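Structural description and commentary
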Amino acid sequence: MERIYIFKRFERFWHWSQALLIILMMVTGFEIHGTYTLLGYGDASELHTSAAWALIALWVFAIFWHFTTGEWRQYIPTTENLVAMLRYYLSGIFTHAPHPFRLTQLRKHNPLQRLAYLNVKLMINPLIWLSGLAYLYYNEINAAGLGLDLGVVAVLHTIGAFLMLGFFIVHVYVITTGHTWSSHLKAMITGWEEIEDPQAGAKS
Amino acid sequence: MKTNRTNRRARPWAAALLAAALAGAAFQGGPALAATKASTADHTKFKELQQGFASGPDVTKACLICHTEAAKQVHNTKHWSWEFLNPATDQKLGKKNVINNFCISIPSNYPFCTSCHVGYGWKDASFDFTAEQNVDCLVCHDTTGSYRKLPGLAGHPPYQDTEIPPGSGKFAKAVDLTKVAQKVGRSSRDTCGTCHFFGGGGDGVKHGDMDSSLAAPDKELDVHMDATGLDFSCGTCHRTSSHDVPGSRYTPVARDTEGAHIPGRADDSLPATCPACHGQAPHKGGGHAAKLNDHTDVVACQTCHIPEIARGGVATKMSWDWSTAGQMGPDGKPMLKKDEAGRVIYDSKKGDFVLGENVVPEYRWFNGEVTYTLLGDKVDKDSGVTRINRLGGSADDGKSLIWPMKVFVGVQPYDPVNRTLVTPHTAGNDDTAYWKNFGWEKAIKTGMQVSGAPFSGEVDFIRTEMSWPITHMVAPKENAVRCAECHMRGGRLEKVGGVYIPGRDAHPLVDLFGWLMAGGALLGALAHGGLRILRRKG
């Protein structure tokens, strides 16, 4: 068994506070959407807005961190091992085949993760962020004469929310597919990831 | 600690004093409050008023000695003419001309209806609208609460003790004109309320947001008129100049886009709208307040701030069915039926009523345009409900807001041959008045003759609806309508179209695919994980 320090303190802080905020926003957001009643529309809407600002602030820090540390390179998509990863999730994982990806500090996400996170960062987040701000500043935007339709803004924001929910479900499941059921989770808590022995036959 | 004990000991005294003060205020009402806002003139000291008056017009002549222009000013108002030409629709409106689904119409019933006219003697078309002494100053400027005009006296108060209604054994005392004249003052909730609280033939009948409970309301009932708080009179908002009272039901301002009006600015008018004082961003502060301000281009202030109407303990009529009028009691005489609260729900003279208290209004887009169904306009019984007034407005005309409405339903007589509404002669001590003779044909024939309109002789009943935009009984902000009451499916604004309301509206396909995707992801994860568990080593 080998251990590798993979998530730095800020990264872990960013991840978990973001997780908390996104769960909070999904819970309040779907209440605002009319899916159920939990806190009451008014409180849900206020909490949703406050959480949105907190998340935006967090994103500003995270973006700054990614660029100053060069960590943004972790999300550059690659086709290397992509098919192998897919094959692993679809069959190898059930036959206890070795994990086709060996992570290092420089490459801490497998090619599928890279694609998924890049998609979150370049598609889902901007969609939610922009449609959310348009939702929040709908009156001001229209006062400036842009003729925005609140229904369209809401639909875009809802699509973003569903995409985020889908990502969230898959993400929560896929963290159980590490070396052990909990090794990914431990890594995100402690920073240290357990990985398979190189001798076990992992391709690098 | 010591102060606390002193306070505790002092409290019974304070409570007693407060109770006494409140009781005093309650008993004295308007006059006590008026006295605190001292006038520069004590009318008891005017020689002109130190005499006995034989009639109302005699009092008016005395008033006009000093207030030389007052009667001319009143002559120019709707309060005097009961006429209004709507410049937008060219419809001739005003009480004289409109037909409603309460007491229906005025023309053949003047001596009764004009007990709410600001004049003396309007009993028929011969009334002299140019006579200055015919203006009734006292009905608006009385502060004693003892001035009353009685139905049937054509706008005069009783000059002798008068049995009302005749044969009832109940007497209305003669008005002491000298006392009333010497105690005149500003108009008040009481004076305006003398007529406006009792529109439609009784307390609270017509409006729903105006009844006698507003004479001395508490804060819960009306945050502005709160008798022990801000204590607004009607004139505080309906700020009157030259006797012309702003605020009109014929051409209301549905969407005031101006800021707060500040005295001294070029335009120091004060329309009777909320933004006239509160401006366009009435909720102060950031965040939540800012989000509330975002609503003001869609929702009228009244929609959230008047959660229910008829909140003061006085019921308002929600419907009136004239078609059941005329049933007699077992003794063959006109009868009243009452509900368990003792309120009249059937009157042989008028038919069946449905009453409502704490009524949640209906909501509609409204741009201030009101079109009436007038005498002579064709009506169609088969087309469902006939609208006494049709309100203009839509989500996208840029002039409308979502307004609360009292929607009043009537079943009233009409002429099925000529297909017009009719103007029955209801009140009167003669051979055709419905309330004396209980015969529709005679009553309508007389009424239509006076109106100068054709009548076929056939009588049927037609279902009508009248919308009353709601604007009084503004609740304290704590009691405003909660977000979720509209931001939900099946909420207050369920039927209001043309606007996306978060919580009410959603794109069904987006929702369907969204939940299918999320559900699919969850099922996929469970299946994948399940398979992994099954294939676990060992």
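Given the structure is predicted, the values throughout are model-derived calculations rather than measurements.

1. Quick notes on the overall build of chain B
When helices and strands are tallied, chain B shows 16 helices and 15 strands. On the principal axes, the C-alpha backbone points of chain B span a range of 115 × 80 × 55 Å. Across the 538 residues in chain B, those meeting the buried criterion constitute 42%. Total accessible area computed for chain B in this model is approximately 27,300 Å², and 57% of it derives from carbon and sulfur atoms.

2. Observations regarding the packing of helix α2 (residues 41–69) of chain A against helix α4 (residues 111–136) of chain A
All names here are of chain A. Following both chains from N to C, one finds α2 and α4 inclined at 140 degrees, their axes separated by 12 Å at the closest point. Classified by the angle their axes make, α2 and α4 are oblique. Crossing geometry of α2 relative to α4 is assigned as left-handed. Contact residues: Thr-49, Trp-53, Ile-56, Trp-59, Ile-63 and His-66 in α2; Lys-121, Asn-125, Trp-129, Leu-133 and Leu-136 in α4.

3. Things to note about the side chain of Glu-71 of chain A
Residues and elements named next belong to chain A. The residue Glu-71 is located in the loop between α2 and α3 (82–90) in this model. Given a relative accessible area of 10%, Glu-71 falls into the buried group. Contacts of Glu-71, omitting those with residues within four sequence positions, involve Lys-8, Glu-11, Trp-65, His-66 and Lys-108.

4. Re the interface of chain B and chain A
In this complex, chain B contributes 30 residues to the contact, which on the side of chain A involves 33 residues. Taken over both partners, the interface formed by chain B and chain A buries close to 2,900 Å², and the fraction arising from carbon and sulfur atoms is 67%. Run the count over chain B and chain A and you get zero salt bridges. Taken together, the links from chain B to chain A amount to 14 residue pairs in polar contact (both at pLDDT 80 or more). Of all elements in the fold, only α12 (288–293) and α16 (508–534) of chain B reach the threshold of two or more residues within the side of chain B that touches chain A. Split by residue class, the side of chain B that touches chain A holds 14 nonpolar, seven polar and nine charged.

5. Focus: the pattern of salt bridges
If the charged atoms of two oppositely charged side chains come close together, the side chains can form a pair. Residues and elements named next belong to chain B. Scanning the entire structure with this criterion turns up 16 salt bridges over all chains. Its salt-bridge partner being Lys-149, residue Asp-136 comes within 2.6 Å of it at the nearest N-O pair. Of this pair, Asp-136 sits in the loop between α6 (110–113) and α7 (138–141) while Lys-149 sits in the loop between α7 and β3 (162–163), and the two are 13 residues apart along the sequence. The closest approach of N and O atoms between Glu-369 and Lys-399, which form a salt bridge, is 3.3 Å. With Glu-369 in the loop between β9 (362–366) and β10 (370–372) and Lys-399 in the loop between β12 (389–391) and β13 (401–415), this pair connects stretches of sequence that are 30 residues apart. Lys-399 gets classed as partly exposed once you look at its relative accessible area, which sits at 45%. Each of Glu-69, Lys-72 and Glu-132 takes part in one network of salt bridges that share partners.

6. Focus on the UniProt feature "domain: Cytochrome b561 bacterial/Ni-hydrogenase" (unreviewed entry) in chain A
Taking the numbering used here, the UniProt-annotated feature "domain: Cytochrome b561 bacterial/Ni-hydrogenase" (unreviewed entry) corresponds to residues 7–191 of chain A. The distance separating the terminal C-alpha atoms of residues 7–191 of chain A is 4 Å; by composition the span is 69% helix and 0% strand.

7. What about the packing of aromatic side chains?
For the coordinates displayed, the defined rule picks out 30 aromatic pairs over all chains. Note on Phe-30 of chain A and Trp-515 of chain B: the rings are 5.1 Å apart at their centroids and 45 degrees apart in plane angle, and the pair reads as tilted. Here Phe-30 of chain A, found in helix α1 (residues 9–32), pairs with Trp-515 of chain B, found in helix α16, and the two come from separate chains. Where Tyr-117 of chain A meets Phe-167 of chain A, the ring centres are 6.2 Å apart and the plane angle is 75 degrees; that geometry is what we call edge-to-face. Highlighted residues: Tyr-117 of chain A in helix α4 and Phe-167 of chain A in helix α6 (residues 150–174), separated in sequence by 50 residues. Tyr-117 of chain A sits in the buried class, given a relative accessible area of 16%. Sitting above the plane of the Trp-320 of chain B ring, Lys-317 of chain B keeps its charged end 4.9 Å from the centroid. Seen from the ring of Phe-353 of chain B, Lys-317 of chain B lies directly overhead, with NZ or CZ sitting 3.6 Å from the centre.

8. Points about the UniProt feature "domain: Cytochrome c-552/4" (unreviewed entry) in chain B
Those places that UniProt annotates as "domain: Cytochrome c-552/4" (unreviewed entry) correspond, in this numbering, to residues 62–141 of chain B. Counting secondary structure, residues 62–141 of chain B comes out at 29% helix and 5% strand; the distance between its end C-alpha atoms is 14 Å.

9. Some points on the nonpolar core
Residue and element names in this part refer to chain B. Core analysis: the biggest nonpolar cluster contains 42 residues, and Leu-93, Phe-102, Phe-366, Tyr-372, Trp-403, Leu-421 and Trp-440 have the highest contact counts within it. Every element with two or more residues in this core is listed here: β10, β13, α15 (440–451) and β15 (460–469). A total of seven residues in this core trace back to one element, the largest contributor, which is β13. Discounting chain neighbours no more than four positions away, the residues touching Trp-403 are Val-253, Ala-254, Ala-300, Gln-302, Thr-303, Glu-362, Tyr-363, Arg-364, Phe-366, Pro-469, Ile-470 and Thr-471. Judged by nonpolar contacts, the second largest core, of 26 residues, contains Leu-49, Val-59, Trp-82 and Val-139.

10. A look at α3 of chain A
The set of residues buried in α3 of chain A consists of Leu-82, Met-85, Tyr-88 and Tyr-89 of chain A. Down the axis of α3 of chain A, the buried side of the element spans an arc of 120 degrees, and every buried residue falls inside it. Within α3 of chain A, the exposed residues directed more than 90 degrees away from the buried face are Val-83, Arg-87 and Leu-90 of chain A. For α3 of chain A, the secondary structure elements touched by its buried residues are α4 and α6 of chain A together with α16 of chain B.

11. As for a nonpolar patch on the surface
Residues and elements named next belong to chain A. A grouping of Ile-23, Leu-24, Val-27, Tyr-36, Leu-38, Leu-39 and Leu-47 is seen on the molecular surface, where their side chains present a nonpolar patch of about 540 Å² in accessible area. At three residues, α1 tops the list of elements feeding residues into the nonpolar patch. Assignment of secondary structure puts Leu-39 in the loop between α1 and α2.

12. Observations concerning the pairing of strand β5 (residues 316–321) of chain B
Residues and elements named next belong to chain B. Burial of β5 is extensive: five of the six residues sit out of reach of the surface. Here β5 pairs with β13 via three bridges, running parallel. Bridge pairing in β13 links Ser-319 to Val-409.

13. Quick word on the state of the cysteines
Disulfides are covalent bonds that link the sulfur atoms of two cysteine residues. Residues and elements named next belong to chain B. One pass over the full model with this rule turns up one disulfide over all chains. Between Cys-116 and Cys-195 runs a disulfide, and the two sulfur atoms are separated by 2.4 Å. Disulfide Cys-116-Cys-195: the torsion about the S-S bond is -110 degrees, which places it as left-handed. Pair noted here: Cys-116 is in the loop between α6 and α7 and Cys-195 is in helix α9 (residues 189–196), with a separation of 79 residues, a long-range link. Under the relative-accessibility criterion, Cys-116 is labelled partly exposed at 32%. We classify Cys-195 as buried; its relative accessible area is 18%. Between Cys-192, a cysteine without a disulfide, and Cys-234, which holds the nearest cysteine sulfur, the sulfur-to-sulfur distance is 3.8 Å.

14. Points about the pairing of β15 of chain B
Residues and elements named next belong to chain B. Most of β15 sits inside the fold, with eight of its 10 residues counted as buried. Sheet topology note: the strand β11 (residues 386–387)/β15 ladder contains two bridges and is parallel. Residue pairing in the sheet places Arg-387 in a bridge with Glu-465 of β15. Judged from the 10 bridges that link them, β13 and β15 form a sheet pairing that is antiparallel. Opposite Tyr-414, over in β15, you have Asp-460 as the bridge partner.

Reading guide: rules and limits
The residue count restarts for each chain, going from 1 along the sequence in the order it is written. Each chain takes a letter, starting from A, and each ligand takes a number, starting from 1, following the order in which they are written. The predicted origin of the model limits local features to residues at a pLDDT of at least 70 and limits the giving and counting of side-chain atom pairs to 80 or more, whereas totals for whole chains, interfaces and linings rest on all residues. Based on all heavy atoms of the structure, the side-chain values leave hydrogens and waters out of the count. Secondary structure follows DSSP: runs of H or I at least 4 residues long count as helices, runs of E at least 2 residues long count as strands, and numbering of each begins at the N terminus. Exposure classes here rest on a 1.4 Å probe applied to the protein chains alone. A residue is buried below 20% of its type maximum, exposed above 50%, and partly exposed in between. The Shrake-Rupley method, run with a 1.4 Å probe sphere, supplies the accessible areas, and residue values consider only the shown protein chains as cover. To define axes, lines are fitted to C-alpha atoms, for helices over the stretch in contact only, and angles between the resulting N-to-C directions are given on a 0 to 180 degree scale. Geometric relationships in this document are graded by angle, where less than 35 degrees denotes roughly parallel, more than 145 denotes roughly antiparallel, 65 to 115 denotes roughly perpendicular, and other angles denote oblique. In this scheme the handedness of a crossing depends on how the near helix is turned from the far one: anticlockwise by less than a right angle means left-handed, clockwise means right-handed. Should any heavy atoms of two residues lie within 4.5 Å, those residues are counted as being in contact. Put simply, buried area is the surface a 1.4 Å probe can reach on two separate parts but cannot reach once they are joined, added for both. Salt bridges are counted wherever a side-chain nitrogen of Lys or Arg sits within 4 Å of a carboxyl oxygen of Asp or Glu. Residues adjacent in sequence count toward polar contacts only when both atoms are side-chain atoms; beyond that, a polar contact is any pair of N or O atoms within 3.5 Å, and within protein one must be able to donate a hydrogen and the other to accept it. Residue polarity is assigned by list, with Asp, Glu, Lys and Arg as charged and Ala, Val, Leu, Ile, Met, Phe, Trp, Tyr, Cys and Pro as nonpolar; anything else, Gly included, falls into the polar class. UniProt positions are given in the numbering used here, feature names are shortened, and annotations may be inferred rather than shown by experiment. To pair, rings of Phe, Tyr and Trp, with the six-membered ring standing in for Trp, must have centres within 6.5 Å; the planes then decide the type, stacked if under 30 degrees apart, edge-to-face if over 60, and tilted in the middle. Any Lys NZ or Arg CZ that is within 6 Å of a ring centre and within 35 degrees of that ring's normal is treated as a charge sitting over the ring. Nine residue types can take part in a nonpolar core, namely buried Ala, Val, Leu, Ile, Met, Phe, Trp, Tyr and Cys, and a core is a set of them joined through side-chain atoms within 4.5 Å. Summarising the geometry, the arc corresponds to the directions from the helix axis toward the C-beta atoms. Two distance rules govern patches: like charges are joined within 9 Å, and nonpolar side chains (Val, Leu, Ile, Met, Phe, Trp, Tyr) within 5 Å, applied only to residues with over 30% relative accessible area and no salt bridge. Two strands pair under a simple rule: DSSP has to find at least two bridges between them. When the sulfur atoms of two cysteines come within 2.5 Å, that pair is taken as a disulfide.

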